Amino acid sequence: MCKNNPCFNSVTVFVLASNEVVSLRETVNKIKENCDDEDLEKIVIVLKSENCPSFAEAEKLSAENSKMELYIQKAPTAALCLAELPALAESSHFIIMASDLEMDPDSIKDFISLAKKHPASIICAAKWLKGSTVEGYGLLHEICSRTMNLFISFLFAKNIKDPFSVFQIYPVSVYRKMKFSNPSAFLYEYTLKPLHLGVEYIEIPTVYKKRREEKSNFNIATLVDVAVRFCLTALKIRFTPKRYPDEDK
């Protein structure tokens, strides 16, 4: 059945870590709780460097679980690192998430259930979707995020609430079809390019809770800069002819 059509066979979960220790272990344990063994290809803990606070805990976790690997990012920033990860997946789908418990690992069970029914779709845990719970989100951060997402929704004429979220289960087949080539644009094109080309995009409710451990590396100035880049990329993509990269050959 899956020979010529997309299907779900397993998922690779990439867990981004730099200064998390307690929440990294909690995140990994929650991922395992929410994945049947046959559905989980592997958990890859993506580390900023061997000198970051998360490294020692990541080594312990890897030694405890045969389905766990460590990966040291090659790119200098977390945003650029995202572009390195999908090509490492040997499964049909992948998930990229943080290890600070802001992204709810309990959503993974819903991701997998829906991916089995819609294997060619991108499924996003959207914090601004009705039914989601959001705790500890700063007012300015919320205004900026909601405004950006409203702009994207209007621009693409789709009722979507959180297109900038990378907390998604993403088909490897879709990733390969997009042929992303610019690492610096990957974060901004990640959802928008497939959306523009008609890939089905499904949002589900989730729980967002502000991180409890250590200080976030994200601040309002960074958010504004990212929001502006995201909106400019959206404008460019929206008014680009709808054709897959292979069609340009």
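Just so it is clear, the model here is predicted, and its values are computed rather than measured.

S.K.: How should I be thinking about the overall build of the chain in this particular structure?
M.R.: From N to C terminus, the chain includes eight helices and nine strands. For the chain, whose C-alpha radius of gyration is 17 Å, the value lies close to the compact-globule estimate of 18 Å for 249 residues. In terms of overall dimensions, the chain has C-alpha extents of about 50 × 50 × 35 Å along its principal axes. Carbon and sulfur atoms form 53% of the exposed surface of the chain, whose accessible area is close to 12,600 Å². In the chain, the 32 positive side-chain charges and the 32 negative ones have mean positions that sit 6 Å from each other.

S.K.: Honestly, the packing of aromatic side chains in this entry has me stumped. Any pointers?
M.R.: The geometry of an aromatic ring pair is captured by two quantities: the separation of the ring centres and the angle between the planes. The final tally for this structure, using the stated rule, is twelve aromatic pairs. The interplanar angle of 75° and the centroid separation of 5.0 Å between the aromatic rings of Y137 and Y208 together place this pair among those described as edge-to-face. Of the two residues, Y137 is situated in the loop between β6 (133-135) and α5 (139-155) and Y208 in strand β9 (residues 207-209); the sequence distance between them amounts to 71 residues. The exposure class of Y137 is buried, given its relative accessible area of 15%.

S.K.: Just to check I follow, could you spell out the sheet that holds strand β2 (residues 40-47) for this structure?
M.R.: Note on sheets: strands pair through backbone hydrogen bonds, and any given pair is parallel or antiparallel. If you walk across this open sheet you meet the seven strands as β3-β2-β1-β4-β7-β5-β8, and the pairing is mixed. Pairing within the sheet leaves two strands with one partner each, and these edge strands are β3 (68-72) and β8 (201-204). Pairwise comparison of adjacent strand axes, ignoring direction, gives a mean angle of 20° for this sheet. Across two bridges, strand β5 (residues 122-125) lies against strand β7 (residues 168-171) in antiparallel orientation. Within β7, the position partnered with C124 by the bridge is Q168.

S.K.: Quick question: what am I supposed to make of the pairing of strand β4 (residues 93-98) here?
M.R.: Two faces belong to every sheet, and in a regular strand the side chains alternate between them. Burial analysis of β4 places six of its six residues in the buried class, the great majority of the element. Side chains of β4 alternate between two faces, with H93, I95 and M97 and F94, I96 and A98 buried alike. Inspection of the sheet shows strand β1 (residues 11-17) paired to β4 by six bridges, in the parallel sense. The partner of L16 across the bridge, within β4, is A98. Where β4 and β7 come together, three bridges link them in antiparallel fashion. Bridging across to β7, I95 finds its partner in I169.

S.K.: Where do I start with helix α1 (residues 22-33) in this structure?
M.R.: An α-helical segment advances 3.6 residues per turn. Residues three or four places apart therefore align on the same side. With twelve residues, α1 should reach 16 Å at 1.5 Å per residue; the first-to-last C-alpha distance of 17 Å fits that figure. Packing partners of the buried residues in α1 comprise β1, β2, α2 (55-64), β3, β4 and α4 (107-117).

S.K.: Help me out: how do you make sense of the packing of α1 against α2 in this one?
M.R.: Helix-helix packing: each pair is described by the crossing angle between the helix axes and the interaxial distance. Across the interface, α1 lies against α2 with an axial gap of 9 Å and an inter-helix angle of 25°. In terms of axis orientation, α1 runs roughly parallel to α2. Here α1 runs over α2; the crossing is right-handed. Note on element contacts: α2 touches α1 through E57, A58, K60, L61 and E64, opposite L24, R25 and V28. Of the residues assigned to the contact of α1 with α2, the class counts are four nonpolar, no polar and four charged.

Definitions and limits used
- Residues numbered from 1 in each chain as written.
- Predicted model: local features only at pLDDT ≥ 70, side-chain atom pairs only at ≥ 80, totals over all residues.
- Heavy atoms only, no water.
- Helix = DSSP H or I, 4+ residues; strand = E, 2+ residues; numbered from the N terminus.
- Rg over C-alpha atoms; globule rule 2.2 N^0.38 Å.
- Areas by Shrake-Rupley, 256 points an atom, 1.4 Å probe, with all protein chains shown as cover.
- Lys, Arg positive; Asp, Glu negative; His and termini not counted.
- Charge placed at Lys NZ, Arg CZ, Asp CG, Glu CD.
- Phe/Tyr/Trp six-rings, centres within 6.5 Å; stacked < 30°, edge-to-face > 60°.
- Buried < 20%, exposed > 50% of the residue type's maximum accessible area, 1.4 Å probe, protein only.
- Pairing = 2+ DSSP bridges.
- Axes fitted to C-alpha atoms, helices over the stretch in contact; angles between N-to-C directions.
- Expected span 1.5 Å × (residues − 1).
- Contact = heavy atoms within 4.5 Å.
- Parallel < 35°, antiparallel > 145°, perpendicular 65-115°, else oblique.
- Left-handed = near helix turned anticlockwise from the far one by under 90°.
- Nonpolar A, V, L, I, M, F, W, Y, C, P; charged D, E, K, R; others polar.

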